[in-house]
Amino acid sequence: MKPPPTFDHSFLRELAGSVVLKAGERLFESQAVEWARWESPVLIGRVKGVQADDELKLNLRSTVFAENRCTCGEGRKRKVCAHAVAVALHYEALKHGSTVVEESVAAEESAHFEELQVEADVPVKLRSIKTEPNGLRLRMLVFLPPNLEAGAKSDAIMVKIEGAAGREVLPLKNLSPNKAYAINEAQKKALLMIEAWCGGQLASLIQLTRGQLRSLLAGLVDEPVVYWLKKPSEPIVWSAGQLAGVHEHLALREDEEESIDAFDQPPASGPAEEEGKDADSLPGLKAPAALRIDPGISLSRRSPSMLNPRRVADLKGKRRFQPHSDEEPAAASHSMNRILVDGSPHFLAIRLPSNDETIQPLREILKRSGFMLEPSNRKWWLRDRHKTLNFLAEHWRSLKDHWRAVFTDNFEAKLERIKLSKLDVSASEKNGQFELDIRLSETQDDVDLRKAIATGKNYVTEEDGRITLLDRNSIERLHKIGRAVSGQVDRPFTPTFRKKLESAELVDVEDLLDEMCEGWQPPQAWQLRSRALKQVGALEPAPVRPAFDVILRTYQRIGVAWLWHLYRYELGGILADEMGLGKTLQGLALIECIRNSSSKAQPALVVCPASLVENWMREATRFTPDLKVLKHHGPRRARESVLLEDVDLVITSYGTLQQDSELMNTMDWCVVIGDEAQHIKNRRSRNAQALSHLRSKSRFLLTGTPVENSLDDLLSLFTFLMPGYLQKAQGKLMPEDRTWHNQRQTQRAAAYILRRTKKEVAPELPEKIEKTFFCEFGSEQRSFYQNVLERTRKEIFELEMSGTNKGRVQLAAFKELLRLRQACVDPRILDETFAANESAKLTAFDEILDQCLDNGSRILVFSSFVTALQLLAQHLKKKGHRFCYLDGQTRNRLAVCDTFNDDKEIPVFLISLKAGGAGLNLTGADTVLHYDPWWNPAAEAQATDRAHRIGQERVVTSIKLIAANTVEEKVLQLQAKKAQLLAELFEESAIANAKVSIDDIKNLLESSGF
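A. The overall build of the chain, seen in detail. When its secondary structure is counted, the chain shows 38 helices and 39 strands. Counting over 1010 residues, the chain shows a buried share of 52%. Once local pairs closer than 6 in sequence are excluded, the contacts in the chain between residues at least 24 apart make up 69%. Carbon and sulfur atoms form 48% of the exposed surface of the chain, whose accessible area is close to 48,400 Å².

As structure tokens, then:
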């Protein structure tokens, strides 16, 4: 007689194919097979069907040409069907079920399931996230589908759920388990429901029945958190506890009982607080969502009221609910709705809930791990000590935490001397340096652990018989920590990890350990250095001078405190606030704090683009008048270091730093601040190399441009800030390893970058920020301007000496003054051969435009000179920027404005004085640049109001671009004192009747030279 083959998965897959195998498995696991036997070479069996049973004979004389005779459609075609697979699996299970085992093991197998004590399944608190009254405020947002009515009819409503955490809106499943959130009780109960329906986790997309959705909404009455998916900005309005267009689709149908819907209710938010109460008596709960079974009560004698919620829910829309009969006690149904685990170090027996598709992944895990299903008791068995211990090492924790399995008292007793490995983390400090020590197990020897892992064993047996299971999760976490902290993407796993940490690494390492080692606490000295960088609100205030502190806004005080904290620990950082938020002010406050804190402090150095040197000088004079400031720029700069040592602050340009690198490198600076950090994003550039060679206790960069765009950018910036902290990937790496390395370096940099946007600090800002941006001429433009100035003075003098009448002299003076203004704006207006790169305002315009583009801002550029706008238009085309243009020749003014407002991808609008100074609505922009000053302050304000008007939802920044030490600056100073004079002088319509004397014009010219 031919022996039966082994009907394992590989044999059946080859015999029937993967699709038929899956269908057969489902039949087998649903207990559809009534019997099976082997009559060589034929497998015979019967499978229960919906209308009639199916009988089959599978002839396996040749497994290549197996012949199947079954009463189903596929069997009549002689094809191997799902019924044949199910019978084969049933036969194999019976074969294994009859295996003789040791008597002690057999006794253990028969015990404990029948008298299992099941605890109530009522969660006390949220499992997925931490909640604290002072945590980050969290609001859940529920989005209903547009096809709600159709989904309600089929009792399958897809709901999207997000969480508004602070200023972020995240999918619910992306909420951090390590952050603490503050949430009101109503929404907390709603989250508990979601956890109960999703196996203890939060989900972002969930399919609900009408009853479940009705229960979810019942706890959110009058909360403005429910939206239609296609209208995410308009919450659905509550009226008398109902949502219009929603609740009418959730009502019970005539063929349903209210008692059935009760079983869709989620677990209560916690167990009853009063002694003697259980889930049945919690207020507002129509029926028990989970049950507390008293000790000593046999499962076979449980109350018929203890119904299986999933089974009852399956009856919806099919038949009225009927209580379980005595032949099928409800308690047995309830016990089948739990994952029950029994066993010892030698075997495991796991019973899974029936008809529950959510546990299919666990069923697959059991199959892969060698478990066999025994039809007689519906348990999955694993009878092998080595396999049992390996399985527990890998899945014990997930059975408890994720699958929420119930473990028998027998299991707990038999595994009392077995423990799961856990990470043992310690840190010690010596001479201000910390050493980190992490071990996989606090008792095991490294050699034993290495041997076990190398041989595929997930457990280690100690001399006294105790067993340590090597938890796969702990191993993976230790490996991740080792890779991350060492920065070695290919670092092999070791059971221990030690490393000495520099100050710069503390924040990053603490974040890693907080995420991977629950309950770990760093030493107090460690916390003092890192905690303030993780929670900027906890920073100690910097010792800012009281008169200066009054000027600072709250977010600026935090910025100065952050810079001061880094300086104290000899670290560096990037202040990346958005343009207009006062980075220069915060940098000056830090420098003054350093200089005032020590009489022996060396000078501070600020390095910036040449176009900003004058701006820094003026801001320092205005806000830190007690500091002795030296401008190291231009032909008259210092040639000896002794001249630099005698001041508090030196301001220079990147170009000058390159030229004088030998001089600057001999100095010891208390702090070096590099402004507009994009100028050193290429670490091979001369700017970056010159800055990196400077000697300083602490280093900082200021930029309004986000710096996270490129790892190469970050590497360059941190080569200056903290050399060696970020590292370039070494060798040839796989794409996924290179991606990991790049993300890791970005994470390490994050703690040393502080960025605030106008949107974040809007309550502290005025509706309109007004700034004056001074730019300094280079040698070519300075010479050009001086020649025009001298010619203007000379022509006025010659006209006066020739006896020309006063009116003619006056008109000639106006003409020459106009030329002088044009020389300030762009010399190419007067001389087409002048080099564009020598125009100070064009260089400054590029600086401002780049910041606006990177911040997502849109900019209006006003000029009273059409030629200047045309030159800007050519410049923008050359750089590939889209823009709109409007001057006196533009006929479709409103259409151009509509194009700019509607197309968010157009960043720049060039507008002339006469054409666009009034009558336009341009709220699509949030930045206004006055390319040349409008001498009438009212007219200037009117231009700014093209953006700053009703409909504008953002803070508007208004920037005046002024050529330093020119007629532009002089007029700016005189605006308030002689507004009427200037209005007559520069408004073309008033020239003919101007009452400005020649002496007034001569005084203006005398005051505007270099």
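B. Looking closely at the nonpolar core. Ranked by internal contacts, the top residues of the largest apolar core, which has 118 residues, are Leu691, Phe718, Tyr752 and Tyr931. Residues Val85, Ala88, Phe371 and Leu469 belong to the second largest nonpolar core, which totals 57 residues.

C. Geometry of the pattern of salt bridges. By the definition in use, this model includes 30 salt bridges. Notably, a salt bridge pairs Arg756 with Asp577, separated by 2.7 Å at the nearest N-O pair. Here the residue Arg756 occupies a position in the loop between strand E33 (753-754) and strand E34 (768-775), and Asp577 occupies one in the loop between strand E25 (573-575) and helix H21 (583-597), the gap between them amounting to 179 residues. Judged by relative accessible area, which is 0%, Asp577 ranks as buried. With a closest N to O distance of 2.8 Å, Glu968 and Lys841 form a salt bridge. Here the residue Glu968 occupies a position in helix H36 (residues 967-974), and Lys841 occupies one in helix H31 (residues 840-855), the gap between them amounting to 127 residues. Judged by relative accessible area, which is 1%, Glu968 ranks as buried. When salt bridges with common partners are traced through the structure, they connect Glu614, Arg618, Lys631, Glu776 and Glu969 into a single cluster.

D. Inspection of the sheet that holds strand E38 (residues 927-930) at higher detail. Strand order in the open sheet formed by six strands is E34-E39-E38-E35-E37-E36, and the pairing between neighbours is parallel. Two strands bound the open sheet, and with one partner strand each, they are E34 and strand E36 (883-886). When the angles between neighbouring strand axes are averaged without regard to direction, this sheet yields 20°. Here eight bridges tie E34 to strand E39 (residues 956-963), and the two strands are oriented parallel to one another. Among the inter-strand pairings, Ile769 is bridged to a residue of E39, identified as Thr957. Running over the sheet, H31 touches E34, strand E35 (859-863), strand E37 (908-912), E38 and E39 and is turned about 160° from E39. Contacts between helix H33 (residues 893-902) and the sheet are confined to E35, E36 and E37, with E36 contributing the most and set at about 160° to the helix.

E. View of the pairing of strand E3 (residues 54-59). Burial along E3 is one-sided: Asp54, Leu56 and Leu58 are buried, and none of Glu55, Lys57 and Asn59, which face the opposite way, are. Bridge count between strand E2 (residues 42-47) and E3: six bridges; the pairing is antiparallel. The residue bridging Gly45 from the neighbouring strand is Leu56, located in E3. Strand direction decides the pairing type here: E3 and strand E4 (residues 67-70), joined by four bridges, are antiparallel. Looking at the pairing, Leu58 lines up with Asn68 of E4.

F. Looking closely at helix H20 (residues 554-568). The terminal C-alpha atoms of H20 lie 21 Å apart, and with 15 residues this matches the ideal 21 Å at 1.5 Å per residue to within 8%. When you tally the buried positions in H20, you get 11 out of 15 residues, the bulk of the element. Among all positions in H20, only Tyr555, Gln556, Gly559, Val560, Ala561, Trp562, Leu563, Trp564, His565, Leu566 and Tyr567 are buried.

G. Structural context of the pairing of strand E7 (residues 168-171). Where strand E6 (residues 157-165) lies against E7, four bridges are found, and the strand directions are antiparallel. The residue of E7 that forms the bridge with Ala164 is Val169. The turn linking E6 back onto E7 is made up of two residues, and Gly166 within it adopts a positive phi angle of 65°.

H. Looking closely at helix H13 (residues 385-401). Its 17 residues give H13 an end-to-end C-alpha distance of 24 Å, which sits within 8% of 24 Å, the value for a rise of 1.5 Å per residue. The axis of H13 is deflected most strongly, by about 55°, at His395. Along H13, the residues that are buried comprise Thr388, Leu389, Asn390, Phe391, Leu392, Ala393, His395, Trp396 and Leu399. With a side-chain oxygen positioned 3.0 Å from the backbone nitrogen of His386, the residue opening H13 is Asp384.

I. Summary view of the sheet that holds strand E18 (residues 406-407). If you walk across this open sheet you meet the five strands as E16-E17-E15-E14-E18, and the pairing is mixed. Among the strands making up the open sheet, the edge pair consists of strand E16 (372-374) and E18. Here strand E15 (residues 347-351) runs beside strand E17 (residues 379-383); their pairing, made up of four bridges, is antiparallel. Bridge assignment links Leu348 to a residue of E17, and that residue is Leu382. Strands E15, E17 and E18 of the sheet are contacted by H13, whose axis makes an angle of about 35° with E15.

J. The packing of helix H27 (residues 711-721) against helix H28 (residues 735-750), seen in detail. Remark: H27 packs on H28, axes separated minimally by 10 Å, with the N-to-C direction vectors making an angle of 45°. In terms of orientation, H27 and H28 fall into the oblique class. By crossing handedness, the relation of H27 to H28 is classed as left-handed. Across the interface between the two elements, Leu711, Leu714 and Phe718 from H27 touch His741, Asn742, Gln745, Thr746 and Ala749 from H28. Residue classes in the contact of H27 with H28 are distributed as four nonpolar, four polar and no charged.

K. How the structure looks around the environment of Ile129. Within the element layout of this structure, Ile129 appears in the loop between helix H5 (103-110) and strand E5 (130-144). In this structure the C-alpha to C-alpha distance between Ile129 and Pro177, which are 48 residues apart in sequence, comes to 4.6 Å. Not counting chain neighbours up to four residues away, the residues in contact with Ile129 comprise Leu138, Leu175, Ser176, Tyr181, Leu191 and Leu202.

L. Summary view of unusual backbone geometry. Residue Pro41 follows Ser40 across a cis peptide bond; omega there is 0°. If you trace the backbone, Pro41 turns up in the loop between strand E1 (33-39) and E2. With a phi angle near 55°, Ala240 is a residue other than glycine that sits in the positive phi range. On the basis of relative accessibility, which here comes to 80%, the residue Ala240 falls in the exposed class.

M. Geometry of the environment of Ala82. Along the polypeptide, Ala82 turns up in helix H4 (residues 82-97). On a C-alpha basis, the gap between Ala82 and Val47 in space is 10.0 Å, while along the polypeptide they are 35 residues apart. Excluding its chain neighbours within four sequence positions, the residues that come into contact with Ala82 are Val20, Ala23, Gly24 and Leu27.

N. Structural view of the packing of helix H7 (residues 185-197) against helix H8 (residues 210-218). With their axes 9 Å apart at the nearest point, H7 and H8 run at an angle of 150° to one another. By the angle class used here, H7 and H8 are roughly antiparallel. Along this stretch, H7 crosses H8, giving a crossing that reads as right-handed. Across from Ala190, Met193, Ile194 and Trp197 in H7, the residues of H8 making contact are Gln212, Ser215 and Leu216. Grouping the amino acids of the contact of H7 with H8 by side-chain chemistry returns five nonpolar, two polar and no charged.

O. Quick peek at the packing of aromatic side chains. A complete count under the given rule lists 15 aromatic pairs for this structure. Seen from their ring centres, Phe7 and Tyr91 are 6.2 Å apart, and the 85° between their planes marks the pair as edge-to-face. Of the two residues, Phe7 sits in the segment before helix H1 (9-16) while Tyr91 sits in helix H4, which places them 84 residues apart along the sequence. An identical accessibility class is assigned to Phe7 and Tyr91; each is buried. Members of the aromatic cluster, joined through ring pairs, are Phe7, Phe11 and Tyr91.

P. The arrangement of the confidence of the model for the chain in detail. Confidence in the prediction for the chain averages 77 pLDDT; 80% of positions are at 70 or higher. Per-residue pLDDT stays below 50 along residues 98-123; that stretch engages in 61 contacts with residues further than four places along the chain or on separate chains. Within the model, pLDDT remains below 50 along residues 987-994, and this stretch shows 12 contacts once partners closer than five positions in the same chain are excluded.

Q. View of the environment of Arg595. Within the fold, Arg595 resides in helix H21. You can call Arg595 buried: its relative accessible area is 16%. Taking the C-alpha atoms as reference, Arg595 lies 7.0 Å from Asp648; in sequence the two are 53 residues apart. Every residue in contact with Arg595, bar those within four places of it in the chain, is listed here: Ala601, Gln602, Pro603, Leu627, Val647 and Asp648. A distance of 2.7 Å separates a polar atom in the side chain of Arg595 from the backbone oxygen of Gln602.

Calculation criteria
- Residues numbered from 1 in each chain as written.
- Predicted model: local features only at pLDDT ≥ 70, side-chain atom pairs only at ≥ 80, totals over all residues.
- Heavy atoms only, no water.
- Helix = DSSP H or I, 4+ residues; strand = E, 2+ residues; numbered from the N terminus.
- Buried < 20%, exposed > 50% of the residue type's maximum accessible area, 1.4 Å probe, protein only.
- Contact = heavy atoms within 4.5 Å.
- Areas by Shrake-Rupley, 256 points an atom, 1.4 Å probe, with all protein chains shown as cover.
- Core = buried A, V, L, I, M, F, W, Y, C linked by side-chain atoms within 4.5 Å.
- Salt bridge = Lys/Arg side-chain N within 4 Å of Asp/Glu carboxyl O.
- Pairing = 2+ DSSP bridges.
- Axes fitted to C-alpha atoms, helices over the stretch in contact; angles between N-to-C directions.
- Expected span 1.5 Å × (residues − 1).
- Bend = angle between axes of the 7 residues up to and from the residue.
- Polar contact = N/O pair within 3.5 Å; in protein donor to acceptor, adjacent residues only side chain to side chain.
- Parallel < 35°, antiparallel > 145°, perpendicular 65-115°, else oblique.
- Left-handed = near helix turned anticlockwise from the far one by under 90°.
- Nonpolar A, V, L, I, M, F, W, Y, C, P; charged D, E, K, R; others polar.
- Phe/Tyr/Trp six-rings, centres within 6.5 Å; stacked < 30°, edge-to-face > 60°.
- pLDDT = per-residue confidence, 0-100.

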